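Here are the chains, one letter per residue:
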Amino acid sequence: MAMQLPSQRSGARRAPMADINVTPLVDVMLVLLIIFMVTAPLLTAGVPVNLPDSRAKPLDQDKQPTEISLDADGKIFVAKEEVAPDELPARLDAIAAAAGEGEPPQVYLRADRVLGYGQVMKVMGELNRAGLNRVALVTIGDE
């Protein structure tokens, strides 16, 4: 019994196959779908609570939190706009005044990991002085 290797061509040439094999694509897509289905519920952090029914009106959710960022060079950004350190107190006072007499606005503070503790605390001190006490420190997940 003789075996025919690809290098030993027979007299008849075969035409190249023009069909696309979609089986690997479908396999990859199904694996990705399963991964996203498993990880999507984990992205919402919170304690599962069975809440009672209520006839109260929904809360006003149109307020966006103010985001303050400190980059690796120590530059301060308020809502993606660079602010000089000596202009920060006036800018924070304006944010607090715009909120009115009600509850102070939520502030998200993002700081680069290479910054020193003192640089971050200076900004937090200015936030406290301006009356912006609802500060959340933004971090990323475990690496």
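Here, the structure is the one placed above.
What this report covers is the structure whose coordinates are included nearby. (Residues numbered from 1 in each chain as written. Predicted model: local features only at pLDDT ≥ 70, side-chain atom pairs only at ≥ 80, totals over all residues. Heavy atoms only, no water.)

**Regarding the pattern of salt bridges**
Working step 1: Counted by the stated rule, this structure contains 4 salt bridges.
Working step 2: We note a salt bridge from D93 to R129, for which the minimum N-O separation is 3.3 Å. Separated by 36 residues along the polypeptide, D93 in helix 2 (residues 88–99) and R129 in helix 3 (residues 117–129) bring together distant segments of the chain.
Working step 3: For R129, a relative accessible area of 44% gives the class partly exposed.
Working step 4: Taken together, the shared-partner salt bridges connect D93, E126 and R129 into one network. (Salt bridge = Lys/Arg side-chain N within 4 Å of Asp/Glu carboxyl O. Helix = DSSP H or I, 4+ residues; strand = E, 2+ residues; numbered from the N terminus. Buried < 20%, exposed > 50% of the residue type's maximum accessible area, 1.4 Å probe, protein only.)

**Concerning the sheet that holds strand 4 (residues 107–111)**
Working step 1: Read from one edge to the other, the open sheet built from 5 strands follows the order 3-2-1-4-5, with strand pairing classed as mixed. Edge strands, defined here as strands with exactly one partner in the open sheet, are strand 3 (81–83) and strand 5 (135–137). Taking the axes of each pair of neighbouring strands and ignoring which way they run, one obtains an average angle of 30 degrees across the sheet.
Working step 2: As paired strands, strand 1 (residues 66–70) and strand 2 (residues 76–78) are joined by 3 bridges and run antiparallel to one another. Residue pairing across strands places S69 opposite F77, the latter belonging to strand 2. (Pairing = 2+ DSSP bridges. Axes fitted to C-alpha atoms, helices over the stretch in contact; angles between N-to-C directions.)

**What about the packing of helix 2 against helix 3?**
Working step 1: Relative orientation of the contacting elements helix 2 and helix 3 amounts to 40 degrees, with a least axis distance of 9 Å. Considering their axes alone, helix 2 and helix 3 lie oblique with respect to each other. As helix 2 packs across helix 3, the resulting crossing turns out to be right-handed. Across from L88, P89, L92 and D93 in helix 2, the residues of helix 3 making contact are V123, E126, L127 and R129.
Working step 2: Its residues assigned to classes, the contact of helix 2 with helix 3 shows 5 nonpolar, no polar and 3 charged. (Parallel < 35°, antiparallel > 145°, perpendicular 65-115°, else oblique. Left-handed = near helix turned anticlockwise from the far one by under 90°. Contact = heavy atoms within 4.5 Å. Nonpolar A, V, L, I, M, F, W, Y, C, P; charged D, E, K, R; others polar.)

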